[in-house]
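Each chain, letter by letter, is given below.
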Amino acid sequence: MSFTFQLIGYPIKHSLSPWIHEQFLRKANLKGTYTINEIELHDSFEERIQQMRNENLDGFNVTVPYKEKIIPFLDDLDAYAKKIGAVNTVLNKDGRWTGFNTDATGYVRSLETKYPNLAKDRTKHILIIGSGGAARGIYCGLDMAGYQHIDIANRTTEKAKEIASLAGKATKTDIISLQEAELHLTKYDVVIQTTSVGMKPNTEESVMRLRTLKPGAIVSDIVYQPIKTAFLKQAEGAGASIHFGHTMLLYQALYAFEIWAGQQISINNMDEELQQILEGR
Ligand code: ATR
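Residues numbered from 1 in each chain as written. Predicted model: local features only at pLDDT ≥ 70, side-chain atom pairs only at ≥ 80, totals over all residues. Heavy atoms only, no water.

Looking at the overall build of the protein chain
And then number 1: When helices and strands are tallied, the protein chain shows 10 helices and 12 strands.
And then number 2: Across its three principal axes, the protein chain shows a C-alpha extent of roughly 55 × 40 × 40 Å.
And then number 3: Considering only residue pairs separated by 6 or more positions, the protein chain has 67% of its internal contacts joining residues 24 or more positions apart.
And then number 4: The positive charge centre, built from 31 side chains, and the negative charge centre, built from 33, are 4 Å apart in the protein chain. (Helix = DSSP H or I, 4+ residues; strand = E, 2+ residues; numbered from the N terminus. Contact = heavy atoms within 4.5 Å. Lys, Arg positive; Asp, Glu negative; His and termini not counted. Charge placed at Lys NZ, Arg CZ, Asp CG, Glu CD.)

Right, here's the structure in full:
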């Protein structure tokens, strides 16, 4: 048997997902392909999805701008995709398409793999900076993993409120401004930067100053171009432990692969290899 996987989105010509999934296939000793299927904005999305149905793929990933648009074409959704309202992974099982969101679980797994002590105490105080699609997924992932204190800092409050409305019964969330967050950073055990601020070419930019952090704090940035953002450099300078954005990319792919292939594999040194590829770009 040979697996056929695809990625849909736009623009995706430079996506690292084919490289990641080819490594996974090799590690799992499975035959298969993972190809890019770019759907341009003027293309008929419905026709392209119908073509994919005819191809009988084993599964596919969905990235921007189609993570929400794909939902009406699916037969089922898993709990995360339903709650987040976005799908990044589809499994085809006997013609039934099920949508998953592995961004949320992938992020939490990447963080807890690097910092296993975190998972032992779900009462730690977490701050999410930003309120876009990535923040929404990470919020739901942490909430569903059982973390109880997750505050959100954003430039504007509207989208932050929408995210906070997804809180489970045990989760408490305060919405604060970026200025308030900057002043009260010592409250947080984990600070997660989810905006695009600091992404190449604006590598000198940082969404806020990180002068004083809680001793032992973990600071995470989902931006992975560059690997070590200005935000993470500041965090390191202030004595924090840091968590890189490219590991989220790796773990969301790992979880997608596990769903498709039905087996677990180990990432081993792929984290460093991916880092080298990104640094060479
Ligand atoms: P994604 O879906 O990839 O997470 P997005 O929807 O564009 O990206 O979300 C971007 C988030 O980053 C938003 O919360 C945005 O803040 P607003 O909700 O106030 O628009 C935040 N953001 C983007 N640029 C920013 C900047 N220069 N300073 C502060 N926040 C910024």
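Quick notes on the sheet that holds strand S5 (residues 89-93)
And then number 1: Read from one edge of the open sheet, 6 strands run S2-S1-S3-S5-S6-S4, paired in mixed fashion. Two strands close off the open sheet at either side, each with one partner strand: strand S2 (31-38) and strand S4 (76-77).
And then number 2: Both strand S3 (residues 59-62) and S5 contribute to a ladder of 3 bridges, which runs antiparallel. Paired with Phe 60 across the bridge in S5 is Val 90.
And then number 3: This element, helix H1 (residues 17-27), spans strand S1 (2-9), S2 and S3 of the sheet and lies at about 170° to S2.
And then number 4: Set on the sheet, helix H2 (residues 45-55) makes contact with S1, S2, S3 and strand S6 (96-100); between it and S1 the angle comes to about 175°. (Pairing = 2+ DSSP bridges. Axes fitted to C-alpha atoms, helices over the stretch in contact; angles between N-to-C directions.)

So, H2
And then number 1: Among the residues making up H2, those that are buried are Phe 45, Arg 48, Ile 49 and Met 52. The buried side chains of H2 occupy one side of the element, clustering within an arc of 100° when seen end-on. Away from its buried face, by an angle of more than 90 degrees, H2 presents the exposed residues Glu 46, Glu 47 and Asn 54.
And then number 2: On its buried side, H2 packs onto S1, S2, S3 and S6. (Buried < 20%, exposed > 50% of the residue type's maximum accessible area, 1.4 Å probe, protein only. Arc of directions from axis to C-beta.)

Here we look at the environment of Ile 70
And then number 1: Note that Ile 70 resides in the loop between S3 and S4.
And then number 2: Here the alpha-carbon distance between Ile 70 and Met 270, two residues 200 residues apart in the chain, equals 30 Å.
And then number 3: Each residue touching Ile 70, except ones within four places of it in the same chain, is listed here: Ile 8, Phe 45, Ile 49, Phe 60, Val 62 and Val 87.

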